[in-house]
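Examination of the molecular architecture
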Amino acid sequence: MRVLANDGISKAGEIALKEAGIELLDNRVAQDHVISFINENNVDVLLVRSATKVRQDLIDACPNLKIVGRGGIGMDNIDVEYAIEKGLYVINTPTASSKSVAELVFAHFFSLARFLHESNRLMPLEGDTHFNAMKKSFSKAYELSGKTLGVIGFGSIGQEVAKMGISLGMKVKVLTRKPKTEVLTLSFFDGQTLNFEITSTNDTDEFLKDSDFISINTPQTDEYIIDTPQFEKMKDGVYIVNTARGGVINEVTLLDFIESGKVAGAALDVFENEPSPELILLMNPNLSLTPHLGGNTVDAQEKIGVELAHQIIEIKKKL
C-alpha cells in the first residue's frame, strides 16, 4: 500500500506506517498535478490537511485510490459523500487537535482581557517613551475567573473549551441547535478526576445576554452564526474568539460593534478571505489575530499522524 501525505505527516505517524509495511511517499505535489502523480505512482491513500482539495474530479480521475484522509476535524476540502458513494474510505482525526485548539482559544481570551495583543505591538515602539501612559491605558483588564463563558458548539473542541473554562472557575453555558447533555471529565496530574454534567441550550437570546466571553467552535456553515441581530443581543463589553471557520461570523459587522464599544475585543484565527485577510482586520488594535494556528502544535500533529496511521492500518486489514 502506498500513501501520499501531501500536506505532511508527523514523524510518529510516518514511523507507524513504515512499521506496518506501508510505503510513505516523500513528496509534496501541487494541486494541479495531484491527479497525475496519484495515477503514475499507484497511490492507494491520499492524506491531506487544509491545503490540498479532494473534489469530484480528482475522485473520478483516480480509480485506484482507496482511502482519503484529513488530518484534522473539518472535512470541507473533501467531497466526502461523493467519495463514499464511489467506494472510498474517508477518515479524519476529530479529537486529536481538540486540546490545542482549546488552548489557543484561551490564549486569545487572556490576550484580549489583559491587552497583551496591543501591549506587544506598542512596547517595542513606545515602551521607552510612553511607559506610564501605556500602563494606565491597559489597566482596565479583567480576570476570567467568575465570568460566564459562552461556548457555541459542543463537539470535541467545544467540550475542551468548556473544560478549560471550568478549570479557571468560569460559569459555562453552551449553545447548540438542539439541547444535549454531556458529562465532561477533568483529569489532573495526580490521577484524580472530576465529572461535570452540562446541558446545552438552544435559546440564543438567553445565551448571548449572559455570556462575557464567547468561543465559536462549530463546523463550516452556509450563513453567519454571528451577525447584527446576535451582536445586538450580547452584553456590552463582550469578548469573542473564532477558531472555527471563516464565514461563521460577519467580520465587517464585527468591526462595527467593536467601534461602538459593544464588543470589547475579538480574536480571529480563521478568516472569510483566507489566506488573504482584509487589511482593515489586520490593522485593528482591538483584534487579536493568528494565521489559522488552531491545531498547529507539535503535540497535536503527533496525535494526528498516529491516529491517521492506525486507521489506515486497520482498513488495510479489510482490503
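Quick caveat: nothing in here was measured; it's all calculated off a predicted structure.

On to the packing of aromatic side chains, then. Note on aromatic pairs: each is described by the distance of the centres and the angle between the planes. Per the stated rule, a full pass over the model turns up five aromatic pairs. Ring geometry for Phe109 against Phe213: centres 5.2 Å apart, planes inclined by 80°, an arrangement best described as edge-to-face. Linking Phe109 in helix H5 (residues 98–113) with Phe213 in strand S10 (residues 213–216), this pair joins segments that are 104 residues apart in sequence. Comparing Phe109 with Phe213, the two get one shared label, buried. Look at Phe213 and Tyr239: their rings are 5.1 Å apart centre to centre, the planes differ by 15°, and that puts the pair in the stacked class. Placement of the pair is Phe213 in strand S10 and Tyr239 in strand S11 (residues 238–242), with a sequence separation of 26 residues. Accessibility expressed as a relative area gives 2% for Phe213, which makes it buried. An aromatic cluster is defined as three or more aromatic residues linked by ring pairs; in this entry it consists of Phe106, Phe109, Phe213 and Tyr239.

This part takes up the environment of Ile280. Residue position: Ile280 is located in helix H12 (residues 279–282). Judged by its relative accessible area of 58%, Ile280 is exposed. A C-alpha to C-alpha distance of 23 Å links Ile280 and Ser137, two positions 143 residues apart in sequence.

Moving on to the UniProt feature "domain: D-isomer specific 2-hydroxyacid dehydrogenase NAD-binding" (unreviewed entry) in the protein. The residues that UniProt annotates with the feature "domain: D-isomer specific 2-hydroxyacid dehydrogenase NAD-binding" (unreviewed entry) are residues 107–294. Summarising residues 107–294: 34% helix, 22% strand, and an end-to-end C-alpha distance of 11 Å.

A word on the sheet that holds S10. Read across the sheet, six strands follow the order S7-S6-S10-S11-S12-S13 without closing on themselves; strand pairing throughout is parallel. A single partner strand is all that each edge strand has here, and the edge strands are strand S7 (171–175) and strand S13 (287–289). The sheet shows a mean angle of 15° between the axes of neighbouring strands, direction not considered. Where strand S6 (residues 148–152) meets S7, five bridges bridge the pair, whose relative direction is parallel. By the bridge assignment, Val151 is partnered in S7 with Val174. Relative to the sheet, H5 contacts S6, S10, S11, strand S12 (263–268) and S13, its axis offset from that of S11 by approximately 145°.

Further remarks concern the sheet that holds strand S3 (residues 45–48). An order of S2-S1-S3-S4-S5 is seen for the five strands of this open sheet, with the pairing classed as parallel. This sheet does not close on itself; its edge strands, each paired only once, are strand S2 (23–25) and strand S5 (89–92). Going from strand to strand, the sheet's axes swing by 20° on average, the running direction of each strand aside. As paired elements, strand S1 (residues 2–5) and S3 share three bridges and run parallel to each other. Along S3, the bridge assignment pairs Val3 with Val45.

Taken together, the side chains of Phe188, Phe189, Leu194 and Phe196 present a nonpolar region at the surface, about 460 Å² in accessible area. When you line up the elements, Leu194 lands in strand S9 (residues 193–199).

Our next topic: the packing of helix H1 (residues 11–19) against helix H13 (residues 298–318). Contact pair H1 / H13: the axes reach a minimum separation of 7 Å and the direction vectors enclose 20°. On the basis of their axis angle, the class for H1 and H13 is roughly parallel. Viewed along their axes, H1 and H13 form a crossing whose handedness is right-handed. Of H13, the residues touching H1 (which contributes Lys11, Ala12, Gly13, Ala16 and Leu17) are Glu302, Gly305, Val306, Ala309, Ile312 and Ile313. Partitioning the contact of H1 with H13 into residue classes produces seven nonpolar, two polar and two charged.

Moving on to the UniProt feature "domain: D-isomer specific 2-hydroxyacid dehydrogenase catalytic" (unreviewed entry) in the protein. According to UniProt, the feature "domain: D-isomer specific 2-hydroxyacid dehydrogenase catalytic" (unreviewed entry) maps to residues 33–315 in the numbering used here. For residues 33–315, helix accounts for 39% and strand for 19%, while the C-alpha atoms at its two ends are 26 Å apart.

Attention now moves to H1. Every buried residue belonging to H1 is among Gly13, Glu14, Ala16 and Leu17, and all of these are buried. Down the axis of H1, the buried side of the element spans an arc of 165°, and every buried residue falls inside it. Exposed residues on H1 whose side chains face more than 90 degrees from its buried face are Lys11 and Glu19. Against S1, S2 and H13 lie the buried residues of H1. Downstream of H1 by one or two residues, Gly21 has phi in the positive range, about 80°.

Okay, the pattern of salt bridges next. Overall, the coordinates contain 17 salt bridges when judged by the stated rule. Its salt-bridge partner being Asp236, residue Lys262 comes within 2.9 Å of it at the nearest N-O pair. Placement of Lys262 in the loop between helix H11 (251–260) and S12 and of Asp236 in the loop between helix H10 (228–233) and S11 is noted, with a sequence separation of 26 residues between them. Since its relative accessible area comes to 64%, Asp236 is described here as exposed.

Parameters at a glance
- Residues numbered from 1 in each chain as written.
- Predicted model: local features only at pLDDT ≥ 70, side-chain atom pairs only at ≥ 80, totals over all residues.
- Heavy atoms only, no water.
- Phe/Tyr/Trp six-rings, centres within 6.5 Å; stacked < 30°, edge-to-face > 60°.
- Helix = DSSP H or I, 4+ residues; strand = E, 2+ residues; numbered from the N terminus.
- Buried < 20%, exposed > 50% of the residue type's maximum accessible area, 1.4 Å probe, protein only.
- UniProt positions renumbered as here; feature names shortened; annotations may be inferred.
- Pairing = 2+ DSSP bridges.
- Axes fitted to C-alpha atoms, helices over the stretch in contact; angles between N-to-C directions.
- Contact = heavy atoms within 4.5 Å.
- Patch = residues over 30% accessible without salt bridge, like charges linked within 9 Å, V, L, I, M, F, W, Y side chains within 5 Å.
- Areas by Shrake-Rupley, 256 points an atom, 1.4 Å probe, with all protein chains shown as cover.
- Salt bridge = Lys/Arg side-chain N within 4 Å of Asp/Glu carboxyl O.
- Parallel < 35°, antiparallel > 145°, perpendicular 65-115°, else oblique.
- Left-handed = near helix turned anticlockwise from the far one by under 90°.
- Nonpolar A, V, L, I, M, F, W, Y, C, P; charged D, E, K, R; others polar.
- Arc of directions from axis to C-beta.

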